[in-house]
Amino acid sequence: MSDAERGLVADTERDAIADLTEDELLELHTRIRRTRSKYAKNYRRAASSNVKQAGGRGKGFAQNSRDRDKAEVFELALARVSRQVAVRANEAARELKDERLAAARQGSTGPDSTASTPAGAAPTGRGRQTRKTTGGLKKDASSQSAGARRQAKRDARP
């Protein structure tokens, strides 16, 4: 391995990635993934060209072990960084969720819990809300008129 490759693998050690932000981890992840893909591609190409010369895939396995070993080292490094990226992403998601919940608790626009309905009065519901999609009103109207047509057809039966 070259010094640059050793340095890249060293950057994935637990102590080295502990202080990195999510963006820095993603950048490291990309660098390692590119290097791993490079050696995996080199290994596959060389292995496929060696099959004919060696007389079979099994006989050609020992050849070209350098690229295969490098690809494996970078695969393990990539796994370490991927796990750390997942940890940081979960932390960020949890923080975002907590912020949204706190904001929702402070500025709630829900029903006022102090107001109550008078005794004997029916609660006033808002009914079904239209969906916030294109054609939501038309879809609701179409569904309602289809139901009315079905009912009229049943009522007209002898």
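Our structure's up above, just so we're on the same page.
In this report, we go over the structure that sits alongside the text.

Basis of the calculations
- Residues numbered from 1 in each chain as written.
- Predicted model: local features only at pLDDT ≥ 70, side-chain atom pairs only at ≥ 80, totals over all residues.
- Heavy atoms only, no water.
- Helix = DSSP H or I, 4+ residues; strand = E, 2+ residues; numbered from the N terminus.
- Areas by Shrake-Rupley, 256 points an atom, 1.4 Å probe, with all protein chains shown as cover.
- Phe/Tyr/Trp six-rings, centres within 6.5 Å; stacked < 30°, edge-to-face > 60°.
- Buried < 20%, exposed > 50% of the residue type's maximum accessible area, 1.4 Å probe, protein only.
- Salt bridge = Lys/Arg side-chain N within 4 Å of Asp/Glu carboxyl O.

**Section: the overall build of the protein**
Stage number 1. Assigned secondary structure in the protein consists of five helices and zero strands.
Stage number 2. Starting at the N terminus, the α and β elements of the protein follow one another as α-α-α-α-α.
Stage number 3. Element-wise, carbon and sulfur atoms account for 51% of the exposed surface of the protein, whose accessible area totals about 12600 Å².

**With respect to the packing of aromatic side chains**
Stage number 1. Taken as a whole and assessed by the stated rule, the structure comprises one aromatic pair.
Stage number 2. Geometrically, the ring pair formed by tyrosine 39 and phenylalanine 74 is stacked, given 6.0 Å between the ring centres and 5° between the ring planes. With tyrosine 39 in helix 3 (residues 22-54) and phenylalanine 74 in helix 4 (residues 65-106), the pair connects residues that are 35 residues apart, well separated along the chain. As far as burial versus exposure is concerned, tyrosine 39 and phenylalanine 74 are alike and both buried.

**Observations concerning the pattern of salt bridges**
Stage number 1. Applying the stated criterion across every chain yields a total of seven salt bridges.
Stage number 2. Residues arginine 36 and glutamate 75 are paired through a salt bridge, measuring 2.8 Å at the closest nitrogen-oxygen approach. In this pair, arginine 36 is assigned in helix 3 and glutamate 75 in helix 4, connecting sequence segments 39 residues apart.
Stage number 3. Arginine 36 gets classed as buried once you look at its relative accessible area, which sits at 18%.
Stage number 4. Using a relative accessible area of 36% as the deciding quantity, one classes glutamate 75 as partly exposed.
Stage number 5. Between glutamate 91 and arginine 88 there is a salt bridge, and its shortest N-O distance comes to 3.7 Å. Of the two residues, glutamate 91 and arginine 88 are both situated in helix 4; the distance of three residues between them amounts to about one turn of the helix.

Shape is all these values report; function is a separate question.
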